[in-house]
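If you want the building blocks of each chain, they are given just below.
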Amino acid sequence: KGSPFFLYVAYTFPHVPLHASDEFRGKSLRGLYGDVVEELDGSVGRILGAHRELGIAERTLVFFTSDNRPWLTQGERGGSAGLLREGKGSTWEGGMRVPGIAWWPGKVRSGQTTGAIATTMDLFTTFVKLAGATLPSGRTIDGLDVSSVLLQGDRGPREVFMYYRDDRIFAARKGPWKAHFLTQ
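Treat the numbers as computed from the prediction; the structure is a model and nothing was measured.

Undergrad: Just checking my understanding: could you explain unusual backbone geometry for this structure?
TA: Backbone phi values are negative for most residues with the exception of glycine, while trans is the configuration of most peptide bonds. Not every positive phi belongs to a glycine, and Glu86 is a case in point at roughly 70 degrees. By the element assignment, Glu86 lies in the loop between strand E2 (60-64) and helix H2 (93-96). Even without glycine at this site, Asp166 takes up a positive phi of about 55 degrees.

If you want it as structure tokens, here you go:
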């Protein structure tokens, strides 16, 4: 009692085949792909509204992220990386950098942004820490606790990130710098 509930939503970029309900079809200027995103957003909004109505919003951390970036081979149906280079399957920022959005009323400040380097591997470690539990022993845990990024908006513990494909290092990032050793 008193510890937060955790709801982790893998808010992936939509994948084909795409479908939007009648309520959302034609709503977006981005075509069917945008309609699907609008519908996902609407559904998540209803879930967050239910948390508020039930009085558990302040005890609920919702984290939105994605497993990858746009599927460029699908054209307009595959999404967009915006100003970032490439997409799904590449180690360029357009393929690896994904959104991370935290919602926890009273804990995570609204509108806060960060340039901290984090990875989805960090979510497990962070959630265990926030729940007041301890990490399992006898095994290597790759994730780091990034709760200070969420709660204080600091730079976090991760200074360097290595971009792997299979068992090879393709790139490394430190702060605003990224070195590519192998590219597609």
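Undergrad: How do you make sense of helix H1 (residues 31-53) when you look at a structure like this?
TA: Owing to its 3.6 residues per turn, the α-helix brings residues three or four apart onto one side. Taking 1.5 Å of rise per residue, the 23 residues of H1 would be expected to cover 33 Å, and the 33 Å separating its terminal C-alpha atoms lies within 8% of that figure. For H1, the full list of buried residues reads Tyr33, Gly34, Asp35, Val36, Glu39, Val44, Leu48 and His51. Just past H1, the residue Gly55 takes up positive phi, approximately 75 degrees.

Undergrad: Would you take a moment to explain the sheet that holds strand E4 (residues 160-165) for this structure?
TA: Sheet strands pair via backbone hydrogen bonds, and the direction of the pair is either parallel or antiparallel. Ordered in space as E4-E5-E6, the 3 strands form an open sheet in which the pairing is antiparallel. Each of the sheet's edge strands pairs with one partner strand only, and the pair in question is E4 and strand E6 (177-180). Taking each pair of neighbouring strands and ignoring which way they run, the sheet shows an average axis angle of 20 degrees.

Undergrad: Honestly, the pairing of E6 in this entry has me stumped. Any pointers?
TA: Where a strand is regular, its side chains alternate between the two sheet faces. Bridge count between strand E5 (residues 168-174) and E6: 4 bridges; the pairing is antiparallel. Its bridge partner lying in E6, Arg173 is registered against Lys178. Here E5 hands over to E6 after 2 residues, with Gly175 in that stretch at a positive phi of 60 degrees.

Analysis parameters
Numbers given to residues run from 1 along each chain, matching the order in which its sequence is written. In view of the model being predicted, local features appear only for residues whose pLDDT reaches at least 70, and side-chain atom pairs are presented and counted only at 80 or more, with totals across whole chains, interfaces and linings using the full set of residues. The side-chain quantities take in all heavy atoms of the structure and omit both hydrogens and water. A run of DSSP states H or I qualifies as a helix once it reaches four residues; a run of E qualifies as a strand once it reaches two. Both are numbered from the N-terminal end. Each helix should span, by expectation, one fewer than its residue count multiplied by 1.5 Å. Between buried and exposed lies partly exposed: a residue is buried under 20% and exposed over 50% of the maximum accessible area for its type, with that area taken using a 1.4 Å probe on protein chains only. Two strands pair under a simple rule: DSSP has to find at least two bridges between them. A fitted line through C-alpha atoms represents every axis, and for helices the fit uses only the stretch in contact; the resulting angles, taken between N-to-C directions, go from 0 to 180 degrees.

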